[in-house]
Structures are given as structure tokens and as C-alpha cells.
Amino acid sequence: MHNLIPSEVYSSLILQYLYDAVIVTDLEFRITSWNLAAERIYGYSAKEVIGKSAMTILKTVQSNSTRDNRIVELQTNGIWQGEVFQYTKRSERLTIRSAVSLLKDKSDHTIGIIAINRDITEENKIKEELVDSEERFRMSFDNAGVGVCILDLNGQFIRVNKKLIAMLGYEEAELLGKKTNEFAYEDDKILFDSFRDLALSGSKENIIYEKRFFSKDKRILWFEISNTLVKNRDGEPSYFVVHVNDISGRKNAEFHLRNAIKEAERANQAKSEFVANMSHEIRTPLNGVIGFNELLLTTNLDTDQREFVRNAISSAHGLLGIINDVLDISKIEAGKLVLNEVTSNLKQIINDSLGVLRWKANEKGINLRLEAGEGIPEIISVDATRLRQILINLLGNAVKFTEVGDVILKVNASEISFQKTKLEFVIKDTGIGISEEQKSHLFQSFWQGETNSKRRYGGSGLGLKITKSLLDLMGGVIEVKSQVGMGSEFHFSIECNFGKENSDLDSGANNNVPNEELAQYRESVLTDISPHILIVEDNKMNRELLKRIIQKYIPNAKIIEAVDGLEGVRFFRELIPNLVFMDVQMPNMDGLEAATEIRKQPSGSKVPIIALTAGALYEERKKCFEVGMDQFLPKPIDILALNEILFHYLNRSTLE
């Protein structure tokens, strides 16, 4: 098929529809041809520019060359290529890649100039941004405050930053191309391999873990590593980006802190054991002091002698109270004080607490009284010993610091639910009061309002600290209101469950008969029996005291004495007594082991075993009951409590 379009026209059409601007000028640089792409790029139509100077329309600028230089190069080489800046109709500057050549006729005479221009403004902008981005990345990577590296999929270093190089102490060339595990602590090498397998399987693409490395100088470094798998555009795994923090200092601090904590715990444990042992050692002679003085009271004494003995017993009990406070604060600080909630008679707890302070209040001429609200429950579930201790501490302080006037205990109850009640206690006095400065220290250990040499009121400074700690354990709160010279008001509240009316109550809860009268009744019952009683106690004085008290109540008792657990077990096998008193702490075999051995005997399960201990702690009671002991008698021995135990286990109906 013949081409009906002349070649000149055909060529013109091609130039007209090229993507690039095609601009033709004569030798005077007047525009003679302006294609459609030129119109699109520069914004001028052909009509607007034909016949006009290209220099005027395009305003061509090149930073590293002049127009004359470009013309010389064009005339010499017949072509010039380069990048120039040109302007659109709207005065927008464009970056143009231009190829300019001479236009010749058939006779090879130069008749004009043809330029093919491509707008690369956007392309250059993208390149510049890419260069800037790469530079920012390089600067960020190299100067990051943490170690950064790029690893290939096998864990080899591809790139490392200055920080990581400094951390490890190697030169960059010593790291590149080597696997990270070549520098890792042997036990930790599996960490990267495990993550690599998870990452490549698609299970986990980033992780934070701690790993040990060796520095060049063979120091062990702890690193916190953040490892992320990077994928390419097709979603295929490409490389790992790893951020590394040196946490060696933190790890060393943690190590020293753990050691310090262990050392503090050991010291605290040693202190607790020391306090417990000292308590035991002090209680043992106190047991003799109080016990023999109480026995002395049962003899024929004149009025002065009786007063002297009572004062000696009171002083001994004062010392016992200090020992108990020190032991309690030691247990509180060690976090080992636990509550023993039992069904208890609330009214009895309140009356007992008031009874302890009534003699002292009467001696000072203070009116000590109870104001009980309506609906006070009689039976509750509470640690009766600790509630009694709180009340005695607060009432004791009120009586101590009041010279004239009243000490009032107010008790109110509000039902929270069918099973639970809230008890509110207020101890109000007309004493010396407490200053604002003193209030801030009130519940601190060993703090006392008086620190001068006069010390009118005395005390160990532990009572309120113990009270606050016990209430914290009970979930209660305590508050104080006071003004100097106007008295004080301590308010505390606890929540507790209602107790069951038929449950076994705390010791003495249902006893409305005076203890002395009960003791006389029991004594009359016990005088007619002749039981065999085994006393297992390593301290000779304590054995003698216990024997004397028992013989006072049971004159016909046959008493066998053993000096340790081994002898006690042997005597039990030989004699099978009716009752055993067992000291807990003894040489050779302690009371817990001895009780365990006795319970293994054929007749051992029926004989009551009463624990004797100077510890008197709930934990110690629990251990005694766990090995099969029946009752617990703390030292110093209370004569009336012993009387109750003898009557309970050795009355005629029991023996028969």
C-alpha cells in the first residue's frame, strides 16, 4: 500500500505528537515550530510563541554554563545536551533536560535550531527527596543514641552504627559479614535462632528480649534487643532491623539489689529469731518470778507482805507486756503476724479490756466507763486476742495520760449485711491531749510524746504502732482528734461476721462467774483425785513451779518429771500418765517431736498433751495442734488458766 502522506508532513506529525517538547527556531532564535507537548509543558499555545524569541519566552538559565558557551559547543559538535532551568507562562521554574542540535537543509546548510526538551522537574524533586531521605536515614542510623544494626536472614551483620561499634568495642570491618551469635554468650545463642524461625514462618515478626554478648575485651554485656523482620514490596522476608540498648548497668544494679534484699531478709530473719529467742529466754525466768509470787499469795501473809508480792507480780507483768510488744513489732516488720479469727463474745472482750484498766483508773480517781449503743452483737467472728490488745492499748494510754476526769469507751454497731456488721469504737479521755506536730509521728515505732529526762508517763513507744498495724491486718481504720490540754479521742472501726450462737467461743467467753470462785469450786473437785501427770520440761525451776501449782490443786497427784523429749517419750511408754505437760523448746528432742512420737503409741491418742511455751505465738500454737497437742498454756503460767485445764482434763467424770 502506497503511503499517501508526503514524508515532510509525516515527519512533522511525528514531531507534533512526541511526548517531549519539540521547539524549532531560526538562526535568530525566533520560534518557528512549537508542538503540542511544548504547549502542555510551558503553557503557551503555538500562536502565542511563533515568531517570538525563544530567549524571551523560555528565559533559559544554566548555573554551570553561559549561553555563549552553549552556542560554541553546539557549533563545534553539532549538538548540545544538558539540564537547564526554564519558565512557564505562569512564571513557574522548570528543570528541563534538553538536547539541542543544528537544523540543516538538503544542501547541508544550517537553517535553524531544533531543541527536544523533557520536563524533569518532578523527577528531580523525587530524586532530591530520596537523597535527603537517605541522608537523614544515614545520619539517624549512624548517630542514634542506641545501637542499631541490619542483619541478613541468617543473622549476619550487613550494617552497624557507631553506637553499636562503640558498645562492642570492635571495628566495623570486624563485624560486617559475621553472625551475631559469634559474639553472643553461649547460653543465649538460641534466642536469635528461635525468633528467626518464628519470623520466617510468619508467626512473629517483632520481639523484645534480653541477651548477653562478649565485648572485644571479653566483658559480658547485657543487651535489651528489639528485633523486627522487614519485608520487601512483594511481602517476602528481606532483612532484620535490630535496636540494641546496653542494660548492663541496670542488670548489675538488679543483681546487687537482689543480693541486698536477700541480705536484708536474712538480717530481718536473724533479728526475728533473736527477738523470739530473747523473748523465750526472758519469759522463762519471768515464769518463775510470777508463778512463785502467785503461789506466795496463796500462803498466810500479812497486809504489807501481800502488797509487796502484788507489786512484784504487777512489775513482772509490766515487763512481760514490753516483751510482748517487742515481739509483736518484730513480727509485724517481718510480715509474719497473722490473725486467728474465732467465734468470740464481744461483750466479754470489752469487759475484759475494761477490767484490766479498772484498778489503775480507780487508783487515779478516774471515771472509766462504757457507753454501748443499741444492737451490739454478742457473738462475732474475730481475733479476740488482738481486738482485746487494741482496746487495752488505747484504754491504757487514755488512763495513763489522764490525771482528772473521765475515760469513756463508746461502742456502736451498724449492720452491713445479713452476715456482716461494722463495729465502731471511740476511746475518749480528758487528758493532756496531743499537739499537731505529735500527731504526725503518733503511729511510728518507738516514738514517744516525751523525749526529755523527766519522762512522767514512761512506756516503750510501740503500743500505737502495734495498734495501727493490727487494724491494718483487720482491714480497719483508726483516726485521732485531740487538742493540747483538752483531751484526746481515738476512733477505730472494723468489719466482722456475725458468729454462731452455738459455736465454741474464745476462752472465757461464756463465763459469767468470777474466776476466783470458779477456781475454788474446781479445787474442791480436784482434791479427791489421784492422777498420774507427766511434766516434760528442761528448766528445773519451771518443773518445780508447775509441780507446786499442780500439787496445790491436786494434793494426791503423782507427778513424773522428764528433762527433755527423749526422756518424756520413754516415761510415757513406761507409765502411761493421765495428762502430759510438754515444753516446746528443749534439747535432744523438742516438744513437737516428742508429741509426735507419743501419738504413735497405742495409748498415745487418748492422753491429753498440754503445750508449754514461752513463745505464745499463733504460729507456734498452730504447730502444736498440728502434731496432736490438745491445749496451749503460755509462759508465764497463769494459775487460773492452769486450774481450768486441770479441771477440764482431770475431773472425776473425765478420769472415769
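Since the structure is predicted, the reported quantities are computational estimates derived from the model, not experimental observations.

**With respect to a negative patch on the surface**
On the surface, a cluster of negative charge is made up of Asp119, Glu122, Glu128, Glu129 and Asp132. Here the negative patch gets 4 residues from one element, more than from any other, and that element is helix H6 (residues 121-143). Inspection of the secondary structure assignment puts Glu122 in helix H6.

**Things to note about the pairing of strand S9 (residues 220-231)**
Bridge count for strand S8 (residues 206-214) against S9 is 9 bridges, and the pairing is antiparallel. Across the sheet, Phe214 pairs through a bridge with Ile220, a residue of S9. The hairpin formed by S8 and S9 contains 5 residues between the paired strands, and Lys218 there has a positive phi angle of roughly 70 degrees. Relative to strand S10 (residues 237-246), S9 runs antiparallel, the two sharing 9 bridges.

**What to know about helix H13 (residues 384-400)**
Residue pairs three or four apart in sequence face the same way in an α-helix, which turns once every 3.6 residues. Counted at 1.5 Å a residue, the expected span for H13 with its 17 residues is 24 Å, and the 23 Å between its end C-alpha atoms agrees. H13 sits mainly inside the fold: 13 of its 17 residues count as buried.

**Details of the packing of helix H12 (residues 346-364) against H13**
Close contact between H12 and H13 brings their axes to 9 Å; oriented N to C, the two are set at 25 degrees. Relative to H13, the element H12 lies roughly parallel. When you trace H12 past H13, the crossing you get is right-handed. Facing H12, whose interface residues are Leu346, Ile349, Asp352, Ser353, Leu354, Val356, Leu357, Lys360, Ala361 and Lys364, H13 presents Ala384, Leu387, Arg388, Leu391, Ile392, Leu395, Gly396, Val399 and Lys400. Here the residues of the contact of H12 with H13 are counted per class, giving 12 nonpolar, 2 polar and 5 charged.

**Quick notes on the packing of aromatic side chains**
One pair of aromatic rings is described through two measures. These are the centre distance and the angle between the planes. One pass over the structure, following the stated rule, counts 9 aromatic pairs. In this structure an aromatic cluster arises from ring pairing among Trp34, Tyr42 and Tyr44. Sitting above the plane of the Tyr19 ring, Arg40 keeps its charged end 4.9 Å from the centroid. Just above the ring of Trp222 sits the side chain of Lys251; from NZ or CZ to the centre is 4.6 Å.

**Regarding the nonpolar core**
In terms of nonpolar packing, the biggest core is built from 41 residues, with Leu387, Leu409, Phe425 and Phe492 touching the most fellow members. Listing elements by their share of this core, those giving two or more residues are helix H11 (303-333), H12, strand S13 (379-382), H13, strand S14 (406-415), strand S15 (420-429), helix H15 (463-474) and strand S17 (487-498).

**Quick look at the side chain of Asn345**
If you trace the backbone, Asn345 turns up in strand S11 (residues 342-345). Looking at Asn345, the relative accessible area reads 6%, which means it is buried. A polar contact of 3.0 Å, which involves the side chain of Asn345, links it to the backbone nitrogen of Lys347. A distance of 2.9 Å separates the side chain of Asn345 from the backbone nitrogen of Gln348, its partner in a polar contact.

**Concerning the sheet that holds S8**
Taken together, the 5 strands give an open sheet; going across it, the order is S7-S6-S10-S9-S8, and neighbouring strands pair in antiparallel fashion. Strand pairing shows two members of the sheet lacking a second neighbour, strand S7 (157-160) and S8, which therefore form its edges. Neighbouring strand axes in the sheet, compared pairwise and without regard to direction, differ in orientation by 30 degrees on average. Along the sheet, helix H9 (residues 190-200) contacts strand S6 (147-151), S8, S9 and S10; its crossing angle with S8, the most-contacted strand, is approximately 155 degrees.

**A closer look at the pattern of salt bridges**
On inspection of all chains with the given rule, the structure shows 33 salt bridges. We note a salt bridge from Arg388 to Asp352, for which the minimum N-O separation is 3.7 Å. Of the two residues, Arg388 sits in helix H13 while Asp352 sits in helix H12, which places them 36 residues apart along the sequence. Here Arg388 falls in the buried class, since its relative accessible area comes to 17%. Residue Asp583 is joined to Lys635 by a salt bridge in which the shortest nitrogen-to-oxygen separation is 3.2 Å. Pair noted here: Asp583 is in strand S20 (residues 579-583) and Lys635 is in the loop between strand S22 (631-634) and helix H21 (639-650), with a separation of 52 residues, a long-range link. Taken individually, Asp583 and Lys635 each receive the classification buried, so the pair is uniform in this respect. Three or more residues joined by partner-sharing salt bridges are found here, namely Arg543, Glu544, Lys547, Arg548 and Glu561.

**Remarks on the environment of Leu394**
With respect to the secondary-structure elements, Leu394 resides in helix H13. Remark: the alpha-carbon pair of Leu394 and Lys428, spanning 34 residues in sequence, is separated by 9.5 Å.

**Structural notes on empty space enclosed by the protein**
Counted by the stated rule, this structure contains 2 cavities of 30 Å³ or more. Along the walls of the largest cavity sit 15 residues, with Thr180, Phe213, Ile225, Val242 and Val244 positioned nearest its centre. Counting only elements with at least two residues in the lining of the largest cavity, the list comes to S6, helix H7 (162-168), S8, S9 and S10. Residue composition of the lining of the largest cavity, grouped by class: 12 nonpolar, 2 polar and 1 charged. Looking at the second largest cavity, its volume works out to about 30 Å³. The wall of the second largest cavity is formed by Asn287, Ile535, Glu537, Asn542, Leu546, Leu612, Lys635 and Ile637. Classifying every residue of the lining of the second largest cavity by side-chain character gives 4 nonpolar, 2 polar and 2 charged.

**A look at the sheet that holds strand S4 (residues 93-104)**
The strand order across the open sheet built from 5 strands is S2-S1-S5-S4-S3, with neighbouring strands paired in antiparallel fashion. For this open sheet the edge positions go to strand S2 (31-34) and strand S3 (79-87), each flanked by a neighbour on one side alone. Direction aside, neighbouring strands of the sheet carry axes that sit 25 degrees apart on average. Bridge analysis of S4 against strand S5 (residues 110-119) gives 9 bridges, and the strand direction is antiparallel. The residue of S5 that forms the bridge with Ile96 is Asp119. Along the sheet face, helix H5 (residues 67-77) touches S3, S4 and S5 and points at about 150 degrees away from the line of S3. Strand contacts of H6: S3, S4 and S5, with the helix running at about 130 degrees to S4, the strand carrying the most contacts.

Criteria and thresholds
Residues numbered from 1 in each chain as written. Predicted model: local features only at pLDDT ≥ 70, side-chain atom pairs only at ≥ 80, totals over all residues. Heavy atoms only, no water. Patch = residues over 30% accessible without salt bridge, like charges linked within 9 Å, V, L, I, M, F, W, Y side chains within 5 Å. Areas by Shrake-Rupley, 256 points an atom, 1.4 Å probe, with all protein chains shown as cover. Salt bridge = Lys/Arg side-chain N within 4 Å of Asp/Glu carboxyl O. Lys, Arg positive; Asp, Glu negative; His and termini not counted. Charge placed at Lys NZ, Arg CZ, Asp CG, Glu CD. Helix = DSSP H or I, 4+ residues; strand = E, 2+ residues; numbered from the N terminus. Pairing = 2+ DSSP bridges. Expected span 1.5 Å × (residues − 1). Buried < 20%, exposed > 50% of the residue type's maximum accessible area, 1.4 Å probe, protein only. Axes fitted to C-alpha atoms, helices over the stretch in contact; angles between N-to-C directions. Parallel < 35°, antiparallel > 145°, perpendicular 65-115°, else oblique. Left-handed = near helix turned anticlockwise from the far one by under 90°. Contact = heavy atoms within 4.5 Å. Nonpolar A, V, L, I, M, F, W, Y, C, P; charged D, E, K, R; others polar. Phe/Tyr/Trp six-rings, centres within 6.5 Å; stacked < 30°, edge-to-face > 60°. Lys NZ or Arg CZ within 6 Å of the ring centre and 35° of its normal. Core = buried A, V, L, I, M, F, W, Y, C linked by side-chain atoms within 4.5 Å. Polar contact = N/O pair within 3.5 Å; in protein donor to acceptor, adjacent residues only side chain to side chain. 1 Å grid on protein atoms, 1.4 Å probe; cavity = no way out; pocket = protein on both sides within 12 Å on 5 of 7 lines; lining within 4 Å. Points joined across faces, edges and corners; volume = space filled by probe spheres on them.

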